[in-house]
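# Reading the structure
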Amino acid sequence: VAEGEPGEGREPFELPRFWDALGQTFQVTSQEATKLSLAFSRPPQPSAEDCRKLSEDVQNAVLAVATVYYWLPKGQGTTLRKMVRDATTEVVEGMIQLTDTILNAPVESLSQEQLISTGGVWEACEQVSNLPRDNQAAVVSALAAYLGVVKDAVEEMEHALVEGQDPYGDIMEDEELGFRGNRDTYWSEADRQLLSSCMGLMKASKACLKKVLAAVKAHGKADSPEHIAQLDDLADIANEISPSVDELALSMYPPVNPLAVRLNAAKLASVLKKVLEIAKTSRVCPPSEEGWVQFLTGAVDHNMNKVKNFTQGQL
């Protein structure tokens, strides 16, 4: 499941039929987990025949989950497939863990671990009802998650940059390190000027994800191979924003190496320009959306030019 490729079925693929079948297989697997767990919840241990029947039923349920997952062709969207694959993998892994727990536990009593493992399978199986139903919904879900991470990073950096605040104030003073009054733990005035442009780039990242998310919600469609592929392209490149924001944020802590900051700022600016370029040429950006694309492209260039000016003397 984790690494296999789907078979492109000969029959025409029907998304509603797929979701019905996947929901049913997840439900059956949840029921089999309950049966298995109850059979080993108290003595006497099930007979060899009962064990054979139980294990066959568990195996069939898990194979059915994997089989239905394989029905979903790549053409329905790689973002959607990844989310369905992750949910399917979680069900299979949950069942493996439950079986291991039962095999390693004494039969005298129902262990806490067995209860937790059984609950884990139930939770994994219930996820099917929350999965996005097509690639547009999947990309909306992915973009919303990326936006949440970037928002947190921006807030954390804003908090650290509060005037006069010691960015390492939450770390207790260590006698071995001695007095922390050296500039390795503080920002100079020049550092702060450079970092304000970096904050501009981080805020542009947040705005970019917010706008792309709204555009995909409003104009995204999963009604043709071309539109599905455009959504995947957007999700793939947008996935690079958050790690790039994190790398830039880490390089902004003292002692500041201006060249490292410049390099990470350039990486982030490049990713943002790619996201905006892909958005601009896709279905999610009709003429009504072009204004913010231009505005954000300008904002990225403006802040990157300021970073370059502040670090010119370091080259």
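Residues numbered from 1 in each chain as written. Predicted model: local features only at pLDDT ≥ 70, side-chain atom pairs only at ≥ 80, totals over all residues. Heavy atoms only, no water.

The name given to the protein chain in an unreviewed UniProt entry is CCDB1 protein, with Leucopsar rothschildi as the source organism. UniProt's Sequence similarities (unreviewed entry) comment on the protein chain is quoted here verbatim: "Belongs to the CCNDBP1 family." (UniProt positions renumbered as here; feature names shortened; annotations may be inferred.)

## Some points on the nonpolar core
Taken as a class, soluble globular proteins show a tendency for nonpolar side chains to be buried jointly. Ranked by internal contacts, the top residues of the largest apolar core, which has 54 residues, are Leu143, Met202, Val212, Val216, Ile241 and Met252. Of all elements in the fold, only α5 (135-160), α6 (189-219), α7 (225-238), α8 (241-251), α9 (258-280) and α10 (290-311) reach the threshold of two or more residues within this core. In terms of residue count, α6 provides more of this core than any other element does, 13 residues in total. If we ignore the near neighbours within four places in the chain, the residues touching Met202 are Val150, Ala153, Val154, Met157, Val245, Leu248, Ala249, Met252 and Leu268. (Core = buried A, V, L, I, M, F, W, Y, C linked by side-chain atoms within 4.5 Å. Buried < 20%, exposed > 50% of the residue type's maximum accessible area, 1.4 Å probe, protein only. Helix = DSSP H or I, 4+ residues; strand = E, 2+ residues; numbered from the N terminus. Contact = heavy atoms within 4.5 Å.)

## Here's the deal with the pattern of salt bridges
Considering all chains together, one arrives at nine salt bridges under this definition. For Lys35, the salt bridge identified is with Glu32, shortest N-O distance 3.2 Å. Of this pair, Lys35 and Glu32 both sit in helix α1 (residues 15-39), three residues apart, roughly one helical turn. Residues Lys53 and Asp57 are paired through a salt bridge, measuring 2.8 Å at the closest nitrogen-oxygen approach. (Salt bridge = Lys/Arg side-chain N within 4 Å of Asp/Glu carboxyl O.)

## Focus: the domain arrangement of the protein chain
For the protein chain, the assigned domains are domain 1 (15-130) and domain 2 (135-166 + 174-311). Of note, the centres of domain 1 and domain 2, computed from C-alpha atoms alone, are 39 Å apart. Between domain 1 and domain 2, the residue contacts involve seven residues of the former and eight residues of the latter. On inspection of domain 1 and its partner domain 2, the count reaches zero salt bridges. (Domains from an automatic or database assignment.)

## Description of the packing of aromatic side chains
One pass over the structure, following the stated rule, counts four aromatic pairs. Counting every residue linked through ring pairs, the aromatic cluster contains Phe13, Phe18 and Trp19. Over the face of the ring belonging to Trp71 we find Arg17, whose NZ or CZ atom lies 5.4 Å from the ring centre. Directly above the ring of Trp19 sits Arg133, whose terminal nitrogen or CZ lies 4.2 Å from the centroid. (Phe/Tyr/Trp six-rings, centres within 6.5 Å; stacked < 30°, edge-to-face > 60°. Lys NZ or Arg CZ within 6 Å of the ring centre and 35° of its normal.)

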